[in-house]
Amino acid sequence: MAGRPLIGVSTYLESGARWGVWELAAALLPTGYPRLVQRSGGLAAMLPPDGPEHAAATVARLDAVVIAGGPDVEPVRYGAVTDPRTGPPDRAREAWELALIDAALAAEVPLLGICRGMQLLNVALGGTLVQHLDGHAEVPGVFGRHPVKPVPGTRYAGIVPEETSVPTFHHQAVDRLGDGLVASAYAADGTVEAIEPSAPGGWVLGVQWHPEMGEDLRVMRALVAAAG
């Protein structure tokens, strides 16, 4: 398409949010996401939860898809019993985002999963998750930082070849990799920090951290370039 590529970003759908004199149900997306898309050369479009049957038609009108961070993935999705430390799921959003992932993969539309989005990508392809780990979300509501090391020869390493410090906030992580996926970055404690398909094909990447909370535009710029 002419001009800036259109990048759809999945959102929360909350029963109550407050602004000005209003307190109403709202589709929510932290401003870091659209700003990151815009700063990287794309147009941002919000994708609030919808019927999964509409996902393919939605993806067909986009140049790329971003699955954003959010609540814990429901363990039943990957055949696990819920750990007491796992938070409540958002089933409507989860079904919508899984349908978006399936549609993007089928149509080879560039796809980026961020934090929970990466975990959902892994689950969509048959992988599992660690339901709780310590050290990646120290203070509730406050992003921390830690170094991430790329795996040489991967798509991610081609985008960010050096070890970098990234903004992070999560207590779950990839356990068994989904079908056809490889780890493309790790934290110092061995936590998988990025995943991507092992076979060449469409542009697909998941990152465990939150690039929308930092200044490094390279991952999003690579998605926008692929979308263009």
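Quick look at the structure, then.

1. A look at the overall build of the protein chain
Phase 1 of the analysis: The secondary structure content of the protein chain amounts to 6 helices and 13 strands.
Phase 2 of the analysis: In terms of overall dimensions, the protein chain is globule-like: its C-alpha atoms have a radius of gyration of 16 Å, near the 17 Å expected for 228 residues.
Phase 3 of the analysis: Counting every position in the protein chain, which comprises 228 residues, the buried fraction comes to 50%.
Phase 4 of the analysis: Taking contacts inside the protein chain between residues at least 6 apart in sequence as the whole, the part at least 24 apart equals 68%.
Phase 5 of the analysis: When the accessible surface of the protein chain is split by element, carbon and sulfur atoms take 56% of a total near 10500 Å².

2. Describing the nonpolar core
Phase 1 of the analysis: Counting 30 residues, the largest nonpolar core has I7, V66, L112, L205, M220 and L223 as its most contacted members.
Phase 2 of the analysis: Looking at this core, the elements that each hand over two or more residues are β1 (6-10), α1 (32-39), β5 (64-67), β6 (111-114), α5 (155-159), β13 (204-207) and α6 (218-227).
Phase 3 of the analysis: Of all the elements, α6 adds the most residues to this core, at 6 residues.
Phase 4 of the analysis: With near-sequence residues (within four places) excluded, L223 lies in contact with I7, A64, V66, P110, L111, L112 and W203.
Phase 5 of the analysis: Residues A55, I67, L100 and V174 belong to the second largest nonpolar core, which totals 28 residues.

3. Section: the packing of helix α3 (residues 91-107) against helix α4 (residues 116-124)
Phase 1 of the analysis: As a packed pair, α3 and α4 sit with axes 10 Å apart at the nearest point and diverge in direction by 70°. Taken as axis vectors, α3 and α4 run roughly perpendicular relative to one another. Taken as a pair, α3 and α4 cross one another with a handedness that is right-handed. Note on element contacts: α4 touches α3 through R116, L120, L121 and A124, opposite R93, E94, E97, L98, I101, D102 and L105.
Phase 2 of the analysis: Of the residues belonging to the contact of α3 with α4, the class tally is 6 nonpolar, no polar and 5 charged.

4. Considering the pairing of strand β12 (residues 192-197)
Phase 1 of the analysis: β12 sits mainly inside the fold: 5 of its 6 residues count as buried.
Phase 2 of the analysis: By the bridge criterion, 5 bridges tie strand β11 (residues 181-187) to β12 in an arrangement that is antiparallel. Of the residues in β12, the one forming a bridge with L181 is P197.
Phase 3 of the analysis: Counted between consecutive antiparallel strands, the loop separating β11 from β12 contains 4 residues, among which G190 sits at a positive phi close to 90°.

5. Some details on α4
Phase 1 of the analysis: Taking burial as the measure, the 9 residues of α4 include 8 buried ones, the bulk of the element.
Phase 2 of the analysis: For α4, every residue scored as buried is listed here: R116, G117, M118, Q119, L120, L121, N122 and V123.
Phase 3 of the analysis: At the exit of α4 stands G126, carrying a positive phi of roughly 90°.

Cut-off values and rules
Residues numbered from 1 in each chain as written. Predicted model: local features only at pLDDT ≥ 70, side-chain atom pairs only at ≥ 80, totals over all residues. Heavy atoms only, no water. Helix = DSSP H or I, 4+ residues; strand = E, 2+ residues; numbered from the N terminus. Rg over C-alpha atoms; globule rule 2.2 N^0.38 Å. Buried < 20%, exposed > 50% of the residue type's maximum accessible area, 1.4 Å probe, protein only. Contact = heavy atoms within 4.5 Å. Areas by Shrake-Rupley, 256 points an atom, 1.4 Å probe, with all protein chains shown as cover. Core = buried A, V, L, I, M, F, W, Y, C linked by side-chain atoms within 4.5 Å. Axes fitted to C-alpha atoms, helices over the stretch in contact; angles between N-to-C directions. Parallel < 35°, antiparallel > 145°, perpendicular 65-115°, else oblique. Left-handed = near helix turned anticlockwise from the far one by under 90°. Nonpolar A, V, L, I, M, F, W, Y, C, P; charged D, E, K, R; others polar. Pairing = 2+ DSSP bridges.

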